[in-house]
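Listed here are the chains, written in short residue letters.
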Amino acid sequence: MDAAARATLIHARLRTVFPHPEPALVHHNAYELLVATVLAAQCTDARVNTVTPGFFSRWPDPSSLAQADVAAVEGVVHATGFFRQKAKNLVAAAKLLMARHEGRIPASMAELTALPGVARKTANIVLSNALGLNVGIAVDTHVRRLAFRMGLTTSENPVIIEKDLMPLFPRAAYGEINHLLVLFGREVCKARKPRCDSCVLDDICPKLGV
Ligand code: SF4
């Protein structure tokens, strides 16, 4: 079975396991999802969700965040780790949003990745979940691990992995593919002990590196 056929089966079967895949980061608009996704680097979504309500009550939009004291932002995001870099990037990104986009979240990969601290993964998550645009597939630690194990890529480079994955799935499902692989990676195809014996993909997965 080639990678394209395997990908089609993987997509169909994971949809039966997770019929309503949704992002775990709580958000109400593109700005909130952008901030939450930046904070989620090297941190669990659950922890980010404990921090963002306080963050958004103080800085509900790019305008307020652009004027924030970086030290105050550091204090609020401290629990998410790498807090100095995250706070610095978030305030700088808000300033750029005000200067270039009148405080709106731009709907393009190039403009999003021009923001400090925003790489393709974050941009893809914001574009597909908050702006309804399936430009690429967000490759995080789960997607990276599962794509390799499932034989959908031979690379460990997120940019190359995304390029390998994109032709294998329908464009309209790019956002959903990220959610499905993340959920499956958390619950079944775990980093240390993948549960191959109870996995719905057991018969088609090459289990590379497992
Ligand atoms: S068979 Fe094992 S390695 Fe393959 S997807 Fe399932 S849990 Fe992961």
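Residues numbered from 1 in each chain as written. Predicted model: local features only at pLDDT ≥ 70, side-chain atom pairs only at ≥ 80, totals over all residues. Heavy atoms only, no water.

Asker: What's the story with the pattern of salt bridges in this structure? I'm lost.
Answerer: When the charged atoms of two side chains lie near each other, side chains of opposite charge can form a pair. In total, this model carries six salt bridges according to the counting rule given. As a salt-bridge pair, Arg-120 and Glu-162 come within 2.7 Å of each other at their nearest N and O atoms. Residue Arg-120 is located in helix 8 (residues 120-130), and its partner Glu-162 is located in helix 10 (residues 158-165); the two are separated by 42 residues in the primary sequence. A relative accessible area of 31% means that Arg-120 is categorised as partly exposed. (Salt bridge = Lys/Arg side-chain N within 4 Å of Asp/Glu carboxyl O. Helix = DSSP H or I, 4+ residues; strand = E, 2+ residues; numbered from the N terminus. Buried < 20%, exposed > 50% of the residue type's maximum accessible area, 1.4 Å probe, protein only.)

Asker: Got a minute to help me understand unusual backbone geometry in this structure?
Answerer: Backbone geometry follows two general trends: most residues other than glycine have a negative phi, and most peptide bonds adopt the trans configuration. Positioned with a positive phi, Phe-82 is a non-glycine residue whose angle comes to about 45 degrees. For Phe-82, a relative accessible area of 55% corresponds to the exposed category. For Lys-207, which is not glycine, the phi dihedral falls at a positive 55 degrees. Tracing the sequence through the fold places Lys-207 in the segment after helix 11 (174-187).

Asker: Mind showing me how you'd approach the environment of Ala-7 here?
Answerer: Residue position: Ala-7 is located in helix 1 (residues 3-17). Remark: the alpha-carbon pair of Ala-7 and Pro-167, spanning 160 residues in sequence, is separated by 9.9 Å. In this structure, Ala-7 is in contact with Leu-152, Leu-168 and Phe-169, ignoring residues within four places of it in sequence. (Contact = heavy atoms within 4.5 Å.)

Asker: What is the right way to read the side chain of His-11 from this model?
Answerer: Position of His-11 relative to the elements: it lies in helix 1. His-11 gets classed as buried once you look at its relative accessible area, which sits at 10%. Here the side chain of His-11 touches Glu-176 through a polar contact of 2.6 Å, side chain to side chain. In contact with His-11, not counting residues within four places along its chain, are Phe-169, Pro-170, Ala-173, Glu-176, Ile-177 and Leu-180. (Polar contact = N/O pair within 3.5 Å; in protein donor to acceptor, adjacent residues only side chain to side chain.)

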